[in-house]
Amino acid sequence: MLKIKKNDMVKILAGKDKGKSGKVLAVLPSGGRVIVQGINFTKKHVKRRRQDDQGGIIEQEASVNISNVSVVCKRCSQSVRISVDVLSDGSKVRYCKKCKEVL
Ligand SMILES: [Zn+2]
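Calculation criteria
- Residues numbered from 1 in each chain as written.
- Predicted model: local features only at pLDDT ≥ 70, side-chain atom pairs only at ≥ 80, totals over all residues.
- Heavy atoms only, no water.
- Donors = N, O, S within 2.8 Å, 3.2 Å for Na, K, Ca; no water.
- Tetrahedral: all angles 85-135°; square planar, octahedral: opposite > 155°, others 65-115°.
- Helix = DSSP H or I, 4+ residues; strand = E, 2+ residues; numbered from the N terminus.
- Buried < 20%, exposed > 50% of the residue type's maximum accessible area, 1.4 Å probe, protein only.
- 1 Å grid on protein atoms, 1.4 Å probe; cavity = no way out; pocket = protein on both sides within 12 Å on 5 of 7 lines; lining within 4 Å.
- Points joined across faces, edges and corners; volume = space filled by probe spheres on them.
- Nonpolar A, V, L, I, M, F, W, Y, C, P; charged D, E, K, R; others polar.

J.: Sorry if this is basic, but what is going on with the coordination of the zinc ion here?
T.: Six octahedral donors around a metal ideally make angles of 90 or 180 degrees; four tetrahedral donors ideally make 109.5 degrees. Surrounding the zinc ion are the protein donor atoms Cys73 (SG), Cys76 (SG), Cys96 (SG) and Cys99 (SG), which sit 2.2 to 2.4 Å from the metal. For the zinc ion, the 4 donor atoms are set out with angles of 105 to 113° between them, so the coordination reads as tetrahedral. Within one chain, the residues serving as donors to the zinc ion are arranged as C-x2-C-x19-C-x2-C. In this pair, Cys76 sits in the loop between strand 7 (69-71) and strand 8 (82-86) while Cys99 sits in the segment after strand 9 (92-96), placing the two residues 23 residues apart along the sequence.

Rendered as C-alpha cells:
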C-alpha cells in the first residue's frame, strides 16, 4: 500500500521547493512519483496550432519523486512518519506515528 494518496497534504523534503507544502493532485500509475499542487512548476513551450492561438509558454506542475515528499498530519499540522496497519478484516489503515490520528 502506498503511503501517499491523492488529496493528501504533503511537505516537500528536497529540491527547489523544499519546505513548501501542497495537496497531492495525482499519484502516477508507477507509484513512484506524485504531482503536488503548486510544486515543481516547469515551463512548457506550446506551439501555436491556429492563427488565433496564443501559444507561448505555460507553467505546469511536474511530478516529484515520492521519496522527496512527506505526508502532513491533519492533527499535528506537520510532516510526520506514517505507519500502515492491517486490521482484522484485512483492510489497511494509515496513521500518524506521532498522534495516532488515522489519515
Ligand atoms: Zn499526527
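J.: I'm lost on unusual backbone geometry in this one. Help?
T.: Despite not being glycine, Asn7 has its phi angle at roughly 75°, a positive value. Mapped onto the elements of the fold, Asn7 is located in the segment before strand 1 (9-12). The exposure class assigned to Asn7 is partly exposed, which follows from its relative accessible area of 49%.

J.: Please explain the layout of surface pockets as it appears in this structure.
T.: In this approach a probe as big as a water molecule rolls over the atoms, and the regions it shows empty are the leftover space. Roughly 150 Å³ of volume is contained in the largest pocket. As for the largest pocket, its lining consists of Lys3, Ile4, Leu13, Ser67, Val69, Ser70, Val71, Val80, Arg81, Ile82 and Lys97. Tallying contributions element by element places strand 7 first for the lining of the largest pocket, with 3 residues. By residue class, the composition of the lining of the largest pocket is 6 nonpolar, 2 polar and 3 charged.

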